[in-house]
Amino acid sequence: MAFSILPSAARISPFLSDPSFRDRAQTRIRVRSEVSGSSEVDSAHQIGTVMRTSEGIGELSLGKGKGKRDLGAEKTEKEELGLLYDDGFGSESVIDYLDAVRELIRPDGGPPRWFCPVECSRPIRGSPLLLFLPGLDGVGLGLILHHKSLGKVFEVRCMHIPVHDRTPFEGLLKLVEETVRLEHSASPDTPIYLVGDSFGGCLALAVAARNPTIDLILILSNPATSFGKSQLHSFSPILEALPEELHTAIPYLLSFIMGDPVKMGMASVEKELPPSQALDQLSRSLTSMRQRLSGLADIIPKVTLLWKLKLLKSAALYANSRLHAVKAEVLVLASGKDNMIPSRDEAERLLNSLQNCKIRLFKDNGHTLLLEDGVCLLTVIKGTGMYRRSRKYDYILDHLPPTRTEFAHLMERGSGWFNLATGPVMLSTLQDGKIVRGLTGVPSEGPVLLVGYHMLMGFELSPLIEAFLREKNVLVRARNFYRLFSSKSFVLLYPGGVREALHRKGEEYKLFWPDQPEFVRMAARFGATIVPFGVVGEDDIVELLLDYNELTRIPFIRDWIKYENEGFTRLRTDFTGEVANQDLFLPAMVPKIPGRFYYLFGKPFETKGKAQMLKDRQNASELYLQIKSQVESIISYLRKKREEDPYRGILQRAIYQATWGSKHPVPTFEP
């Protein structure tokens, strides 16, 4: 593979030291194969690996029979990721994929092998291994849009199947299986991720079925287990009858079957461009893609495509016959507009056939989901709670901070519009009691416990979290308070819980706090600063039409609420009174022309050095009542002061921003 020595395409370092590569790559890297009794690689699973270090290219040996990483490789791992770090997602496009494929399909006579994309850089400490198993193309670059983002939290390796290789399915299965077993023997307590695209999904399921005791996590993108129902299955007779001189038309035919050209083209369009410029850039991207498609006949010549269709059939039959044996965690990513296979229906079938399976539907995407715009694989893995670095998910240690891409996406698709509608005002209290605009009064160093009022349906959460990200560069989190406090985090607590967030008519801004002052003692144990806060504005965006009491008077709705709550784990079972009444339900609401949200963070209560004093129940109860009283006072203050805000209505705010620009904060009342 000459791929990694070309300046225009220096994207991968080889994971197999095959002789043909060494001859051409010796000017850039040194590859060492440690195979018992041989200095050359004589089968696809004997691996000599090369990875980047902070000084340049360094070695990582995993020769046959070896299971320990070199100490030098550990130095390549990053410590941790910062909040809103740059994940690099969106810097590559399908154009890059098409250009890179041209280099990687050059014949080298080598067998199927692993390579590590150079863009993947150095992952954080303790990152698990991710093996990418390609689809029909076999090139192994199907994750090119995701190399940079995945490479920060995974050790990424991709399988490459040369164009003219004819290794049967069982041979490819052996390659992956032996790599998995080798890695498992080296790190038995670390999960191994198999990301299978189409054909690769069948391969991943087969490996998992044969290795039920190994901790595997499968991410399957439109797996080809339904190949028998696909258009490609019926395409075989047509292909066989197609004259050889027309084989150059194959890439064009497949492009309409396999992916959504517009979504693939959008992957190379810069974000936040004006519509006219975005359309122009999309047009140029589609033109470039069309021009490059003609060169891809080399990757899927007629004889190769016929072979791969047979390979797909074998893989689907093998995987389907062993679904019952799969013990691994499985996440199926299904496209709603897959013209190659019925991915949406297949996802439902796999959900019912596999023991531990989740599905996520991308209704507007085509078969080549991972090459299309708007799908960040890392975000999907995080969002489904499937990123972990040990056998069990650790809420603290396995937490990955939000990235710039994720934050921008959140603002663009959901939170941004909600914030625009509610125009949140953030106020805080300084040590001298002065109320100021912004979060200056909130401590900048943790541990901090934010204790406040839970508005209807938790409407206040999104603007609050965004404000702390923007102004304090802090991610506010909940649950696992003890461990969060020990890591000096910012913790959010709603003593009123569900009962407060799903209150009844006439209960707006009423606190439903328990009598126990446990959070005070917990905060004192870690010297956390307690910051009480209040928020108003729910009555300015919705009107409660039917509350819990009214809904439970309707027989079939009452039965439905009862049925739905039987499956939930009950919280606060040791509490009594209203706060213990925490049935989950969806109240009937009517939207209003939006008013405005107002937040006020009160004067902080320091608990550092007071742990002994607050162990006394009476002292803890007194502080607890002070905090509760301050939250009630804050709510009363905000409800009164908002009447003085000339920009409380959305129309007034819209006029102001149209005049002064969206970057200008809209004024409010004088604190």
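Before reading further, recall that the structure is shown in the block above.
Residues numbered from 1 in each chain as written. Predicted model: local features only at pLDDT ≥ 70, side-chain atom pairs only at ≥ 80, totals over all residues. Heavy atoms only, no water.

A. Expanded view of the packing of helix α15 (residues 415-422) against helix α24 (residues 650-660). Close contact between α15 and α24 brings their axes to 8 Å; oriented N to C, the two are set at 105°. If you check the angle between α15 and α24, you find them roughly perpendicular. On the side of α15, the interface is formed by Leu420, Ala421 and Thr422, while α24 contributes Ile650, Arg653 and Gln657. Taken together, the residues of the contact of α15 with α24 break down into three nonpolar, two polar and one charged. (Axes fitted to C-alpha atoms, helices over the stretch in contact; angles between N-to-C directions. Helix = DSSP H or I, 4+ residues; strand = E, 2+ residues; numbered from the N terminus. Parallel < 35°, antiparallel > 145°, perpendicular 65-115°, else oblique. Contact = heavy atoms within 4.5 Å. Nonpolar A, V, L, I, M, F, W, Y, C, P; charged D, E, K, R; others polar.)

B. Just the pattern of salt bridges, in detail. Inspection of the entire model under this criterion finds 22 salt bridges. Of the charged contacts in the structure, one is a salt bridge between Arg389 and Asp398, with a shortest N-O distance of 3.8 Å. We classify Arg389 as buried; its relative accessible area is 13%. Take Asp398: its relative accessible area is 4%, and that puts it in the buried class. What emerges from the salt-bridge pattern is a single network uniting Asp539, Asp540, Arg642, Glu643 and Arg648. (Salt bridge = Lys/Arg side-chain N within 4 Å of Asp/Glu carboxyl O. Buried < 20%, exposed > 50% of the residue type's maximum accessible area, 1.4 Å probe, protein only.)

C. Quick peek at the pairing of strand β6 (residues 155-160). Taken across its six residues, β6 has six buried, putting it largely inside the fold. Residues of β6 alternate between two faces, with Glu155, Arg157 and Met159 on one and Val156, Cys158 and His160 on the opposite face, all of them buried. Direction of pairing for strand β4 (residues 113-117) relative to β6: antiparallel, over a ladder of three bridges. Note on β6: the bridge partner recorded for Trp114 is Met159. Direction of pairing for strand β5 (residues 129-133) relative to β6: parallel, over a ladder of four bridges. The residue bridging Leu130 from the neighbouring strand is Val156, located in β6. (Pairing = 2+ DSSP bridges.)

D. Summary view of the pairing of β4. The element β4 is largely enclosed, with a buried count of five among its five residues. Burial of the side chains of β4 extends over both faces: Arg113, Phe115 and Pro117 are buried on one face and Trp114 and Cys116 on the other.

E. Structural context of the packing of aromatic side chains. Evaluation of the coordinates by the stated rule reveals 21 aromatic pairs. Ring geometry for Phe485 against Phe526: centres 5.9 Å apart, planes inclined by 35°, an arrangement best described as tilted. Within this pair, whereas Phe485 is found in helix α17 (residues 481-486), its partner Phe526 is found in the loop between α19 (518-525) and β16 (529-536), the two being separated by 41 residues in sequence. Take Phe526: its relative accessible area is 26%, and that puts it in the partly exposed class. Ring plane angle 70° and centroid distance 5.3 Å describe the contact between Tyr647 and Tyr656, whose orientation is recorded as edge-to-face. Judged by relative accessible area, which is 21%, Tyr647 ranks as partly exposed. Tyr656 sits in the buried class, given a relative accessible area of 13%. (Phe/Tyr/Trp six-rings, centres within 6.5 Å; stacked < 30°, edge-to-face > 60°.)

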